[in-house]
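Survey of secondary and tertiary structure
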Amino acid sequence: MEIRLLGPVGVWQADRERRLVRMHRRLVLAALALAPSRPVATDALVDRVWGDRPPKAALQSLYTHISALRQLLADHDGGTGRIVLRRLPAGYLLEVDPARVDLHRARQYAAEARALGSEQADPPPHAVELLGKAHALWRGTPLAGLPGEWAARVRAGLEQEFLAVCVERFTAELRLGHHAAVIGPLGALLAEHPLVEPLVSLQMLALYRCGQQSDALDLYARTRRRLVTDLGDEPGAELRRLHQQILHRDRALDQHPATPGPAGSAARRATAALASATGAASDQDHRRPLPAQLPPAAPAFVGRAPQLATLHALLAEPRTGPAIASIVGPAGVGKTTLAVHWAHTVAERFPDGQLYVNLRGFDPAGQPADPAVVLRGFLDALGVPPARLPATEEGQRGLYCSLLAGRRVLILLDNARDAGQVRPLLPGAPGCLVIVTSRDRLTGLVATEGARPVALDVLTPVEARQLLERRIGAARVAAEPAEAAEIIDQCARLPLALAIAAAGPGTRPGVSLAAVADELRRAKPRLDGFAGPDPVTDVRAVFSWSYRSLNPSAARLFRLLGLHPAAEIAEPAAASLSGLPARAVRPLLAELTRTHLVDEPGPGRYRHHDLLRAYALELADTHDRPAERRAALHRLLDHYLHTAHAAALLLHPQRDPIVLSPPKPGVVPERLDSYQAAWDWLAAHYPVLLAALRQAATAGFDTHAWQLAWTIRTFCERRGHWRDMITTHRAALAAARRTADPVGLAQSYRGLAGGHLRLGNLDQAVSYLNRALDRFRQLADRGAQARVHLTIGYALGRQGKHAAALHHADQALTLFRAADNLPGQASALNDLGWYGSRLGRHEEALRHCTEALRLNRLTGNRQGEAHTMDSLGCIHQRLGRHEQAVECFQGALARFRALEDRYYQADTLTHLGETRLAVGDREAALAAWQEAAAILADLGHPDLAGVRCRLDQLGGDAPQ
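Read on for a plain summary of the structure.

Definitions and limits used
Residues numbered from 1 in each chain as written. Predicted model: local features only at pLDDT ≥ 70, side-chain atom pairs only at ≥ 80, totals over all residues. Heavy atoms only, no water. Helix = DSSP H or I, 4+ residues; strand = E, 2+ residues; numbered from the N terminus. Expected span 1.5 Å × (residues − 1). Buried < 20%, exposed > 50% of the residue type's maximum accessible area, 1.4 Å probe, protein only. Contact = heavy atoms within 4.5 Å. Axes fitted to C-alpha atoms, helices over the stretch in contact; angles between N-to-C directions. Parallel < 35°, antiparallel > 145°, perpendicular 65-115°, else oblique. Left-handed = near helix turned anticlockwise from the far one by under 90°. Nonpolar A, V, L, I, M, F, W, Y, C, P; charged D, E, K, R; others polar. Polar contact = N/O pair within 3.5 Å; in protein donor to acceptor, adjacent residues only side chain to side chain. Core = buried A, V, L, I, M, F, W, Y, C linked by side-chain atoms within 4.5 Å. Pairing = 2+ DSSP bridges. Phe/Tyr/Trp six-rings, centres within 6.5 Å; stacked < 30°, edge-to-face > 60°. Arc of directions from axis to C-beta. Salt bridge = Lys/Arg side-chain N within 4 Å of Asp/Glu carboxyl O.

Since the α-helix turns once every 3.6 residues, residues separated by three or four places project in the same direction. Here helix 14 (residues 335-346) is 12 residues long and its end C-alpha atoms lie 17 Å apart, about the 16 Å a rise of 1.5 Å per residue gives. By the burial criterion, the buried members of helix 14 are Lys335, Leu338, Ala339, Val340, Trp342, Ala343 and Val346. If you follow the buried residues of helix 14, they end up packed against helix 13 (305-315), strand 7 (323-328), strand 9 (410-416) and strand 10 (433-438).

So this is what it looks like as structure tokens:
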């Protein structure tokens, strides 16, 4: 029995297909067979089968398809049990020998051919035979006929893989002299893929060697015309060079050709041509950003030839999952440097982008990165809008795997704690490359995920000398060879130590190597306490020499940087930490950068290596009094709190601010002057704010802890970090309880409720809201009580309890009036109108919203004005006053456009379309809904499904 994916998906036995009539059943089989013996999450299966339009009974339908597949596979397997579809806690697993799936068998044939030497000058005939078998298994379009975005992405990736196999096969045929035999098959391929330059090169060469020079030149001319017309680009350098060689009858063409593999610019052209020809790349795929997160490569990389050879060999191996390299070794040995260097070397093979994260597995602060937080960051980088983010971690993991299926993305997971931190971030399908660095040996990753281990030790003596030459110049090393050797010895051939030791003579030509060696020699005996059982970690002497070369102010700043809760810090935060003006701290940071005690990965951003952070903390404990360290930490937390508070109010101007204590002298909060500036700052500093909140709670700054949770609440709501809302507000609640802070308790309950409300845990949300309401009553804070009433009303409204929601909106209005809060009154009146209209009280609802509109205009609340005009439009529509409804919707739409609020533009356009249709203006309704659909498709918002249904009913086109 065979499962076929390379053509119509199905189960075959003795070349007779057992058809899977239901299309969704074929999608389920394809999703499982693409990753044999690897679990596929339930949410991922739902996403792959139904995309962003799952039916309400999607899970029940999935179970039905799984049950039918299980029976089908058992029937065809003859009861041998060699193919089993298993249910797991997180999803399903198809337990099958990959050789019984045509795609994986084709990959195995290709891998065996490569192993036999198909890349050599004279490949053995058996290698060509194997490549022919691999080629023959591609019986047509992969996943033929399967609908949906996921199938289209996988299909595009598989077709590119097919083209790569074709290039390998026909290159091997040409090397064996089979020129005439390949012209026909290559011509047929080029008829389908005329712009794939490696195939064009092979056909031109075959024609030339068969004496058909004019045909080869004509093929080039046709290809060039199409490239210019279709892609707006000239042929690549390799194809142009071959054209010139054929034109001049270059004798070198009579020799064996180099494989014109689809790398570099040729690969990009092949991808573009294939996507254009197949239509596999949807508009949404084109809009999805290509992440490019790799850090800059080290300018002084040397050696590591055996490790690089091992890494390169990994890419040539056949795999049923992603290629995984685990680069392991002690601290400071250059794991990240090697990983980043190799990643840049092979990045062009992964045209769908590069993801990077520092997992902080051995952070001196003891807070490794949470894989769930990292996963959400990767989804952001892959272009997933917050509205499309699944609520559960399992769902997010499934979406991540779905997005990467059929794509070639390079993922660098730096500084991992252990295999458990890495596993949630691994893609599920082949095509991607994952590079992991860690001080841990990651044996679990090697054993279960097939990671290729690459052990890294100190540099060889030759490599260490080369590194020193790169840093300070070969002439200086040659002038003092004995002293250079001693420096290398004192640094234990550790790259980090050598880089720091070389910083002095590298930036100050007057410093001799003898002086450096002498300093290291004299420093070492006094620093034995830093030495550990591994001699590689005995680098304290090197750090000490560099540290003692600093001026006192730079030395103090270096020590204080160890207190920062994250490895990276921005210049204003460093100024606050030190208590110095920005103009004074800038040259100090420059001095630390010159001595390699910090790096500057970007303008105004500075980063410590973990070992240096640990050393800085040790120095701070030794040289700075506890009161000084606490004062510095207080300034740092003030910096983040006051900046984040300003950002929060820019994101949500109608939000009632909390009362902060004045910042300590020397604090330099960042100045943010717009919504976008606030959003960008919060997005860039979000991981640091989470770490600062934890540090505040641990160090006894409890007020800072709950107030920091308050500052990031709006950002979390809009970015989709709803689980973080719960986690941070739990910490905030504990901090507020320690100090019995009534405001902190009330705000923490309210924040917890917000997280549960967004996740759909409505009963828990209402429970926390009621606790918050009780606390705000004790505080006699009428405005806050009213806001909580509105939120309770929203939760009840989502449950269809409009009468109860109306009651809470009425209570909110009473409280806002007692507090003389006009913006709040406008919000409450709008809610009264909204819920009242849903209860059929249209005239009363109209009065409430008319008054809300007046108050919004009086207070200058443009956002509230736009929402209320939309509510008025809905009320007029229900009353049959369609002209007034259209006028209100158009007014709301103009205001939402001025505010650049795209989601509510789409929402109002949807309402406008309904009104247009009600008066018989079908074309205007279509235009409104098509514009709404375009916005929602761009946002990736689930409301798109409803708009698509409306368009389907009218026979209109909708974005996919």
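Where helix 13 meets helix 14, the axes come as close as 11 Å, and the angle between the chain directions of the two elements is 45°. Looking at the two axes, helix 13 sits oblique to helix 14. For helix 13 against helix 14, the interelement crossing comes out right-handed. Of the residues in helix 14, those in contact with Gln307, Leu308, Leu311, His312 and Leu315 of helix 13 are Leu338, His341, Trp342, Thr345 and Val346. Looking at the contact of helix 13 with helix 14 residue by residue, the classes come out as 6 nonpolar, 4 polar and no charged.

Now for the side chain of Arg559. Relative to the elements of secondary structure, Arg559 occurs in helix 25 (residues 552-561). Engagement of the side chain of Arg559 in a polar contact is seen with the side chain of Tyr547, the distance being 2.7 Å. In this view, Arg559 contacts Tyr547, Ala616, Leu619, Ala620, His623 and Asp624; residues no more than four positions away in its chain are not counted.

Of all hydrophobic cores here, the largest spans 102 residues; its most connected members are Leu550, Phe558, Leu561, Ile569, Leu592, Tyr640 and Leu689. Among the elements that make up this core, the one with the highest residue count is helix 30 (residues 675-699) (11 residues). Contact partners of Tyr640, with chain neighbours within four places excluded, come to His564, Ile569, Ala573, Trp681, His685, Val688, Leu689, Ala692 and Leu708. Residues Val96, Phe162, Leu199 and Leu217 belong to the second largest nonpolar core, which totals 81 residues.

One non-glycine residue, Arg360, adopts positive backbone phi at about 50°. As for its position among the elements, Arg360 is in the loop between strand 8 (354-358) and helix 15 (371-381). Looking at Arg360, the relative accessible area reads 18%, which means it is buried.

Right, let's get into the sheet that holds strand 5 (residues 84-88). Pairing in this open sheet of 3 strands is antiparallel, and the strands run 4-6-5 from one edge to the other. Pairing within the sheet leaves two strands with one partner each, and these edge strands are strand 4 (40-41) and strand 5. Pairing of strand 5 with strand 6 (residues 91-95) involves 5 bridges; the strand directions are antiparallel. Directly across from Arg86, in strand 6, lies its bridge partner Leu93.

Taken as a whole, this structure holds 8 aromatic pairs when the rule is applied. With 5.4 Å between their ring centres and 40° between their planes, Trp138 and Phe162 make a pair best called tilted. Within this pair, whereas Trp138 is found in the loop between helix 5 (125-136) and helix 6 (149-175), its partner Phe162 is found in helix 6, the two being separated by 24 residues in sequence. The exposure class of Trp138 is buried, given its relative accessible area of 9%. Ring geometry for Phe378 against Tyr400: centres 6.1 Å apart, planes inclined by 20°, an arrangement best described as stacked. Of the two residues, Phe378 is situated in helix 15 and Tyr400 in helix 16 (residues 393-404); the sequence distance between them amounts to 22 residues.

For the pair helix 30 and helix 33 (residues 722-739), interaxial distance at closest approach is 10 Å and the crossing angle is 25°. As the angle between them shows, helix 30 and helix 33 are arranged roughly parallel. Every pair of crossing elements has a handedness; the one defined by helix 30 and helix 33 is left-handed. Of helix 33, the residues touching helix 30 (which contributes Tyr686, Leu690, Leu693 and Ala697) are Asp724, Thr728, Ala731 and Arg738. Within the contact of helix 30 with helix 33, the residues separate by chemical class into 5 nonpolar, 1 polar and 2 charged.

The 3 strands are arranged 12-14-13 in an open sheet whose pairing can be described as antiparallel. For this open sheet the edge positions go to strand 12 (568-570) and strand 13 (599-602), each flanked by a neighbour on one side alone. Adjacent strand axes in the sheet meet at a mean angle of 35° when their direction is disregarded. Bridge analysis of strand 13 against strand 14 (residues 605-607) gives 2 bridges, and the strand direction is antiparallel. Counted as the bridge partner of Asp599 is Arg607 from strand 14.

Regular strands have side chains that alternate between both faces of the sheet. Of all 5 residues making up strand 6, 4 are buried, and the element is well covered by its neighbours. Where strand 4 lies against strand 6, 2 bridges are found, and the strand directions are antiparallel. Across the sheet, residue Ala41 finds its bridge partner in strand 6, namely Gly91.

Take helix 10 (residues 237-247) next. Buried within helix 10 we find Leu239, Leu242, His243 and Ile246. Viewed along the axis of helix 10, the buried residues span an arc of 105°, placing them on a single side of the element. Arg249 lies just past helix 10 and shows a positive phi near 50°.

Per the counting criterion, the structure on display carries 25 salt bridges. A salt bridge links Arg423 to Glu449; its shortest N-O distance comes to 3.2 Å. In this pair, Arg423 is assigned in the loop between helix 17 (419-422) and strand 10 and Glu449 in helix 18 (residues 443-449), connecting sequence segments 26 residues apart. Note on Arg423: relative accessible area 31%, which makes it partly exposed. Residue Asp624 pairs with Arg559 through a salt bridge whose shortest N-O separation is 2.9 Å. Separated by 65 residues along the polypeptide, Asp624 in the loop between helix 28 (610-623) and helix 29 (626-651) and Arg559 in helix 25 bring together distant segments of the chain. Looking at Asp624, the relative accessible area reads 8%, which means it is buried. Its relative accessible area of 10% is what places Arg559 among the buried residues. Bridged by salt links that share partners, the residues Glu2, Arg4, Asp102, Arg105 and Arg139 form one connected network.

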